[in-house]
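Fold and geometry: a report
Residues per chain, in single letters:
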Amino acid sequence: MPRYEYRCRTCGDTFELNRPMAESAAPADCPAGHDDTVKLLSTVAVGGGSKSAPAPQTGGGGGCCGGGCCS
Ligand SMILES: [Zn+2]
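It should be emphasised that the depicted structure is a prediction, and the values quoted were computed from it without experimental measurement. (Residues numbered from 1 in each chain as written. Predicted model: local features only at pLDDT ≥ 70, side-chain atom pairs only at ≥ 80, totals over all residues. Heavy atoms only, no water.)

Take the coordination of the zinc ion next. Under ideal tetrahedral coordination, the four donors around a metal are separated by 109.5 degrees; under ideal octahedral coordination, the six donors are separated by 90 or 180 degrees. Looking at the zinc ion, one finds its protein donor set to be Cys8 (SG), Cys11 (SG), Cys30 (SG) and His34 (ND1), positioned 2.0 to 2.3 Å from the metal centre. Metal-centred angles of 102 to 117 degrees between the four donor atoms at the zinc ion mark the site as tetrahedral. Read in sequence order, the donor residues for the zinc ion give the motif C-x2-C-x18-C-x3-H. Under the relative-accessibility criterion, Cys30 is labelled buried at 4%. Taking the relative accessible area as the measure of exposure, His34 reaches 25% and is therefore partly exposed. (Donors = N, O, S within 2.8 Å, 3.2 Å for Na, K, Ca; no water. Tetrahedral: all angles 85-135°; square planar, octahedral: opposite > 155°, others 65-115°. Buried < 20%, exposed > 50% of the residue type's maximum accessible area, 1.4 Å probe, protein only.)

Let us now look at the nonpolar core. If you look at the biggest cluster of nonpolar residues, it comprises six residues: Tyr4, Tyr6, Cys8, Phe15, Ala28 and Cys30. Tallying contributions element by element places strand 1 (residues 3-8) first for this core, with three residues. (Core = buried A, V, L, I, M, F, W, Y, C linked by side-chain atoms within 4.5 Å. Helix = DSSP H or I, 4+ residues; strand = E, 2+ residues; numbered from the N terminus.)

Moving on, we come to the sheet that holds strand 3 (residues 37-39). Across the sheet, three strands lie side by side as 2-1-3; this open sheet has antiparallel pairing. Strand pairing shows two members of the sheet lacking a second neighbour, strand 2 (14-18) and strand 3, which therefore form its edges. If you compare each strand with its neighbour and ignore which way they point, the axes differ by 35 degrees on average. Sheet topology note: the strand 1/strand 3 ladder contains three bridges and is antiparallel. For Tyr6, the partnering residue across the bridge sits in strand 3 and is Lys39. (Pairing = 2+ DSSP bridges. Axes fitted to C-alpha atoms, helices over the stretch in contact; angles between N-to-C directions.)

Given below as structure tokens:
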């Protein structure tokens, strides 16, 4: 079940809730009982697979070794 993060605008607390995706936009009461909360951008990892960052091309030249000029 995805986890969502909320912030209470009354007391400034942030809290997390595990709830179905269908209820992600539903109002959530903060642990102190306030209902003036906003949903934060969640860092939900559903299955993963989005960790493929392009490999940085470090090193000296400008692609010389790809063209066969490095004998
Ligand atoms: Zn609160």
